[in-house]
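Residue-level listing of the chains:
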Amino acid sequence: MDDLTLPKNKLDMFLNKIKSDYTVYAPVKVDDLVYFKKIEKLKDITLDFYNSKVPPKSIIFKQTETMFKFKQGLDAEIQTLDDKNKKNVIFGIRPCDAKSMSILDNVFEDDFTDPYYVNKRKNTVLVGVSCKQPTINCFCTSMDGGPADSKHLDVLISDIGNRYYVEIKNNKGKSLIDGTRNLFEKVTNNDKKKRLQLEKKSKDEISRNMKTEGISEKLDEIFDDDIWKSISLRCLGCGICTYECPTCHCFDIQDETTLSDGARIRVWDTCMNPEYTVHASGHNPRPARMNRTRNRVYHKFNYFPKNYNLIACVGCGRCINDCPVNIDIIEIINKAREVKT
Amino acid sequence: MQKDEFQPNIVAFLCNWCSYAGADLAGTSRMQYPPNVKIIRVMCSGRVNPMFVVNALQEGADGVLIGGCHPGDCHYIQGNYFTRRRMAVLKKLLEYIGFDERRVRMTWVSAAEGKKFAEVISEVTEDIKKLGPVQKIRRANSW
Amino acid sequence: MVNQKKLREEVNTLISRNDVKYIIGWEKGSYGFKMKPFFITSSEDVDRLVFNPLCIHNLTVYPMLEEKLPLRKDATEDKSKIGVIVKGCDSRAIVQIIQEKGLNREDIVIIGIPCSGVIDPKKIERLFPLKSETPDIDEDEKNFIIIIKDKIQKIPKQDILMDKCKTCEFPNPLIYDTFIGKEIETVKNADYKEIESFEKKKLSDKWEYWENQFDKCIRCYACRNVCPLCYCKECMVDQLNPQWVRRSVNISENAAWNIMRAFHLAGRCIGCGECERVCPADIPLTKLNKKLEKDVYEMFDYKPGTNIEEKPLLSMFKPDDPEEFVL
């Protein structure tokens, strides 16, 4: 679609305009960490960050989501919540996290359409920001992505010095920009050059890569290999990797009640918990940590590709950064490829 | 009971053998004490897990009282000693979090001390009335 | 610094015994300043074993994490021992677990290393952002010497030591089968100054501080899983019948979780600081646990993980325990 530029000093005006029509979620600094939060004051927004602790999927696929409320007793009734017409903008999302939304779409729009996810997804515009500086563990380029990849975004802005290079990718992005067209300017050849330079520089800085060709088939062959035991012996089963992963989507549903009323709540769950697979009989098909760690790798790199022809990993590197015992998915996959069958 | 005054909810965990019997005695002797207390009978005050206390405060209790036998008189020999240790630690922890530890009280009431029970309830109710309703860790239940 | 060669020799002797299943130590991590816990099962693995000031993990969490799966018919139980390498603070966890009868002394073989302090990964990453090469680390009296690709940098220990190491009372392991190196002289006393100054704050200020901290909690339970003393077969938060702590993430449940975990560690937390290190939301958990450590010492004269013969704090009592709060 369109390419435009926005002078840096006009960004606040743009954000103010869209804030009046949309609920804006953007990165906010909380002590030393960055989280995506609802924005009340524009000065809370920071674009000086690598990536957020918790991925922005938490805005569309909330960690705690009320499905419906109900009243118990003689006048029992169910009240569904109505937020179908709320329009949102996630501003400052990275290309890897945007790709994860497209991956999650497969899960929530497959044979059953999850209304909670789908409504929000339809009404949310993703305005991404290119990465100027990848971190040590970024490997989006190995996962069919890139630091300035606009494929899964509605709008992508890249910092090219004194202005932002703005790429509008689809109608959703276009309707967002339309009300503020007067703030934007035409693209010059110099701008285009800087944009390509930015992308090349960032791509060159990515130092780690993971070879993914044929990984799904290879994993099929080594399911019972000892390598899984040695990798998972040090796993603590904590859940940090699952809660920080932009493509993880497991959830639990619980009812919370008082004597008179209550609500059905959907919450994130983690497959690293032994209780995740415990049956009512008490039997647990994944009794040991080895089973659960192996399952996580297989879900991302074998089961998901088999179902949707996509690897459910975007290369954001959060799991590698924060694993307490340095379980490294890049190391695991590269090691798995070398197992002799 | 004044209609517009704040009426606290107080949950009391009373041990079956001493403090519950004491409360019973207060009742049969027709002694007057504030009706704000809601009693949960446990077999021994040692049964009271600090999780019960925190849960009660979450669910709407403005104060929690744990009643046990006098030291040396516990029906199960040592239960009340353990409660004493636990509550000492819990109160200090709650204070550190910024939660008023005066909301969690302990008392020794024997089966013959109906009058003491009534007095304790009156005192605790008055104290909690002054502290006001719990807002900090109460469950919102507003979904 | 510990003589790595001697450590490897000792581990080699140990793993060659036929009654030791595996020994838990450290090896080089996959990038940067990371080290990872390493399970040595044979003599061939010993060459990968390392020990340096980046080995921050408390490995005593693993003996209790071992899963005892149902045995097949005719199979006998594997009674071999587990070996573990411990620093000073780590060894207290083993003492405490044995005190609580969580482990038998005979089931575990301990190699003790005297530790003069480990490097805080968050602090050193701030000094060397985005560095992915693994450095060589050496130390002298006052500095850590970091060598990355032949570039040598001296950093004062005070700048990058973990906070817990600055007030370490037990640099030498309190329990061991073998001791590698020389005992370090203990000069530091337990320091509760930060706790005391926090205690003096107004009640509403204290709640505001903790409310902001608990709001960040994402209930990943990493603090619980990394803690060597959180080894309940069914944690209270996983219990559904009855459900004490709801799974929704809000201030009420987060506060209940953090309060109850801190309480369950009263008289049991040995101050290794792993919970705070692993917390992805940077919640200052040691501030909470240290407060209980101080209270328990002042009220009951009890220091967890120091005396293997002693009874655990909350399963004993003294007739003159404080009771001024009892009506």
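Predicted model, so just to flag it, every value in this text is computed and none were measured. (Residues numbered from 1 in each chain as written. Chains lettered and ligands numbered in written order. Predicted model: local features only at pLDDT ≥ 70, side-chain atom pairs only at ≥ 80, totals over all residues.)

Trainee: Teacher, can you tell me more about the overall build of chain B here?
Mentor: Looking only at helices and strands, chain B has four helices and four strands in total. Overall, chain B shows an N-to-C arrangement of helices and strands of β-α-β-α-β-α-β-α. Taking 143 residues into account, the globule formula puts the C-alpha radius of gyration at 15 Å, and chain B, at 15 Å, falls close to it. Overall size of chain B, expressed as C-alpha extent along the three principal axes, is 45 × 35 × 25 Å. Sorting the 143 residues of chain B into buried and exposed places 55% on the buried side. (Helix = DSSP H or I, 4+ residues; strand = E, 2+ residues; numbered from the N terminus. Rg over C-alpha atoms; globule rule 2.2 N^0.38 Å. Buried ≥ 20, exposed ≤ 12 C-beta atoms within 10 Å, placed from the backbone.)

Trainee: Could you clarify how one ought to interpret the overall build of chain A in this entry?
Mentor: Counting its secondary structure elements, chain A contains 12 helices and 11 strands. Each principal axis of the C-alpha distribution contributes one length, and for chain A these read about 65 × 65 × 40 Å. The 341 residues of chain A split such that 42% are buried.

Trainee: I would appreciate a short explanation of the interface of chain C and chain B in the present structure.
Mentor: Frequently, the measure chosen for interface size is the accessible area that the parts lose on association. Across the contact, 30 residues belong to chain C and 32 residues belong to chain B. When residues of the side of chain C that touches chain B are traced back to their parent elements, those giving at least two are α8 (203–216), α10 (251–264) and α12 (285–300) of chain C. Of all the elements, α10 of chain C adds the most residues to the side of chain C that touches chain B, at seven residues. By residue class, the composition of the side of chain C that touches chain B is 21 nonpolar, three polar and six charged. (Contact = placed C-beta atoms within 7 Å. Nonpolar A, V, L, I, M, F, W, Y, C, P; charged D, E, K, R; others polar.)

Trainee: Mind showing me how you'd approach the sheet that holds strand β5 (residues 136–139) of chain C here?
Mentor: Adjacent strands of a sheet form backbone hydrogen bonds with each other and so pair up, either parallel or antiparallel. All names here are of chain C. With antiparallel pairing, the three strands of this open sheet are ordered in space as β5-β6-β7. The open sheet is flanked by β5 and β7 (151–156), the only strands paired with a single partner. Each neighbouring strand pair of the sheet contributes to a mean axis angle of 25 degrees, computed without reference to strand direction. In this structure, strand β6 (residues 143–148) lies alongside β7, joined through six bridges in antiparallel fashion. When the bridges of β7 are listed, asparagine 143 appears paired with proline 156. (Pairing = 2+ DSSP bridges. Axes fitted to C-alpha atoms, helices over the stretch in contact; angles between N-to-C directions.)

Trainee: Looking at this structure, I do not really get the interface of chain C and chain A. What am I missing?
Mentor: Taken together, the 31 residues of chain C in the interface contact 36 residues of chain A. Those elements that place two or more of their residues in the side of chain C that touches chain A are β2 (35–40) and α9 (222–226) of chain C. Of the residues belonging to the side of chain C that touches chain A, the class tally is 15 nonpolar, eight polar and eight charged.

Trainee: Just checking my understanding: could you explain the sheet that holds strand β3 (residues 81–86) of chain C for this structure?
Mentor: Residues and elements named next belong to chain C. As summarised here, the arrangement of the five strands in space is β2-β1-β3-β4-β8, forming an open sheet in which the pairing is mixed. Edge strands, defined here as strands with exactly one partner in the open sheet, are β2 and β8 (178–179). Strand contacts of helix α1 (residues 4–15): β1 (20–28), β2, β3, β4 (108–112) and β8, with the helix running at about 155 degrees to β1, the strand carrying the most contacts.

Trainee: Which parts of the structure should I look at to understand the environment of glutamine 63 of chain A?
Mentor: Residues and elements named next belong to chain A. Mapping glutamine 63 onto the fold places it in the loop between α2 (57–60) and β4 (64–71). Exposure remark for glutamine 63: the 18 C-beta atoms within 10 Å place this residue in the partly exposed category. Spatially, the C-alpha atom of glutamine 63 lies 30 Å from that of aspartate 12, the residues being 51 residues apart in sequence.

Trainee: So what exactly am I meant to see when it comes to the pairing of β3 of chain C here?
Mentor: All names here are of chain C. Examined bridge by bridge, β1 and β3 share four bridges and lie parallel to one another. When the bridges of β3 are listed, isoleucine 24 appears paired with valine 84. The parallel pair β3 and β4, bridged by helix α3 (residues 88–99), forms a crossover whose chirality is right-handed. (Right-handed = clockwise from strand over helix to strand, strands pointing away.)

Trainee: Is there a simple way to explain the domain arrangement of chain A in this structure?
Mentor: Residue and element names in this part refer to chain A. Here chain A is partitioned into domain 1 (3–205) and domain 2 (215–337). Here domain 1 and domain 2 have C-alpha centroids that lie 26 Å from each other. On the domain 2 side, the residues contacting the 33 residues of domain 1 number 26 residues. Contributions of two or more residues to the side of domain 1 that touches domain 2 are made by β4 and α3 (95–108). Within the side of domain 1 that touches domain 2, the residues separate by chemical class into 14 nonpolar, 12 polar and seven charged. (Domains from an automatic or database assignment.)

Trainee: What exactly am I supposed to notice about unusual backbone geometry here?
Mentor: Trans is the prevailing form of peptide bonds, just as negative phi is the prevailing case for residues other than glycine. The linkage connecting asparagine 241 of chain C with the following residue, proline 242 of chain C, adopts the cis geometry, with an omega of 0 degrees. Following the sequence through the fold, proline 242 of chain C ends up in the loop between α9 and α10. Backbone geometry places aspartate 144 of chain A, a non-glycine residue, at a positive phi of 65 degrees. Within the fold, aspartate 144 of chain A resides in the loop between β7 (124–129) and β8 (155–159). Although it is not a glycine, aspartate 301 of chain C sits at a positive phi angle of roughly 55 degrees. Mapped onto the elements of the fold, aspartate 301 of chain C is located in the segment after α12. When the 8 C-beta atoms within 10 Å are taken as the criterion, aspartate 301 of chain C is described as exposed.

Trainee: What should I look at first to understand the packing of helix α2 (residues 50–59) of chain B against α10 of chain C in this one?
Mentor: In a packed pair of helices, the relevant descriptors are the angle between the two axes and the axis-to-axis distance. Packing of α2 of chain B against α10 of chain C leaves a shortest axis separation of 10 Å and a crossing angle of 160 degrees. Our classification of the angle between α2 of chain B and α10 of chain C gives roughly antiparallel. Of the two elements, α2 of chain B crosses α10 of chain C, and the hand of that crossing is right-handed. Contact residues: α2 of chain B offers Pro50, Met51, Val54 and Gln58 of chain B, while α10 of chain C offers Ser252, Ala256, Ile259, Met260 and Phe263 of chain C. Tallied by class, the residues present in the contact of α2 of chain B with α10 of chain C amount to seven nonpolar, two polar and no charged. (Parallel < 35°, antiparallel > 145°, perpendicular 65-115°, else oblique. Left-handed = near helix turned anticlockwise from the far one by under 90°.)

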